[in-house]
Amino acid sequence: MVQNDYEEFPSFWPDPHARKWNLWGYVDVRDVAAACRLALEAPAEAVGDSPSFIIAAADTVMNRSSSALLAEVFPGVPLTREVAEFDTLLAIDRARQAIGYEPQHTWRDHVPGS
């Protein structure tokens, strides 16, 4: 996503079911570019035999907590890890560990009232 796309995010907030298909995830194009560079520069042994990663923002597109979203849209599904207030629900840990990916950009810096 690019910064101009962030203006659409408030339209997602009333209906959490509309964006459940990707667990309310997104990624900034600048973080994608950084992840590509990191992957290209990473030693082969760091990437391993399965060089696939989920590259996503560190937060969700929503203005309510990730745990509240899960409880409303996926009731009864247990959490397998601690989730902070707006943490992404996409598993970006492998990219963090293997190539040093760390999302730097969030829509929350660009949308008033977020």
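Structure: see above.
Predicted model, so just to flag it, every value in this text is computed and none were measured.

Conventions adopted
Residues numbered from 1 in each chain as written. Predicted model: local features only at pLDDT ≥ 70, side-chain atom pairs only at ≥ 80, totals over all residues. Heavy atoms only, no water. Phe/Tyr/Trp six-rings, centres within 6.5 Å; stacked < 30°, edge-to-face > 60°. Helix = DSSP H or I, 4+ residues; strand = E, 2+ residues; numbered from the N terminus. Buried < 20%, exposed > 50% of the residue type's maximum accessible area, 1.4 Å probe, protein only. Lys NZ or Arg CZ within 6 Å of the ring centre and 35° of its normal. Salt bridge = Lys/Arg side-chain N within 4 Å of Asp/Glu carboxyl O.

Enumeration over the complete set of coordinates arrives at 7 aromatic pairs. Aromatic side chains F9 and Y26 sit 5.3 Å apart centroid to centroid with 75° between the ring planes, which places their arrangement in the edge-to-face category. Taken as a pair, F9 in the segment before α1 (29-41) and Y26 in the segment before α1 lie far apart in primary sequence, 17 residues in all. Owing to a relative accessible area of 0%, F9 belongs among the buried residues under this scheme. An angle of 65° between the planes, with centres 5.7 Å apart, marks the rings of F9 and W107 as edge-to-face. Here F9 is found in the segment before α1, whereas its partner W107 is found in the segment after α4 (93-99), with 98 residues between them in sequence. Assigned by exposure class, F9 and W107 land together as buried. Put simply, the rings of Y6, F9, F12, W13, Y26 and W107 touch in pairs and so form one group of aromatic residues. Sitting above the plane of the F12 ring, R19 keeps its charged end 4.5 Å from the centroid.

To continue, consider the pattern of salt bridges. Across all of its chains, the model carries 6 salt bridges by this definition. The salt bridge partner of E72 is R64, with a shortest N-O separation of 2.9 Å. Exposure remark for R64: the relative accessible area of 22% places this residue in the partly exposed category. A salt bridge links E102 to R96; its shortest N-O distance comes to 3.0 Å.

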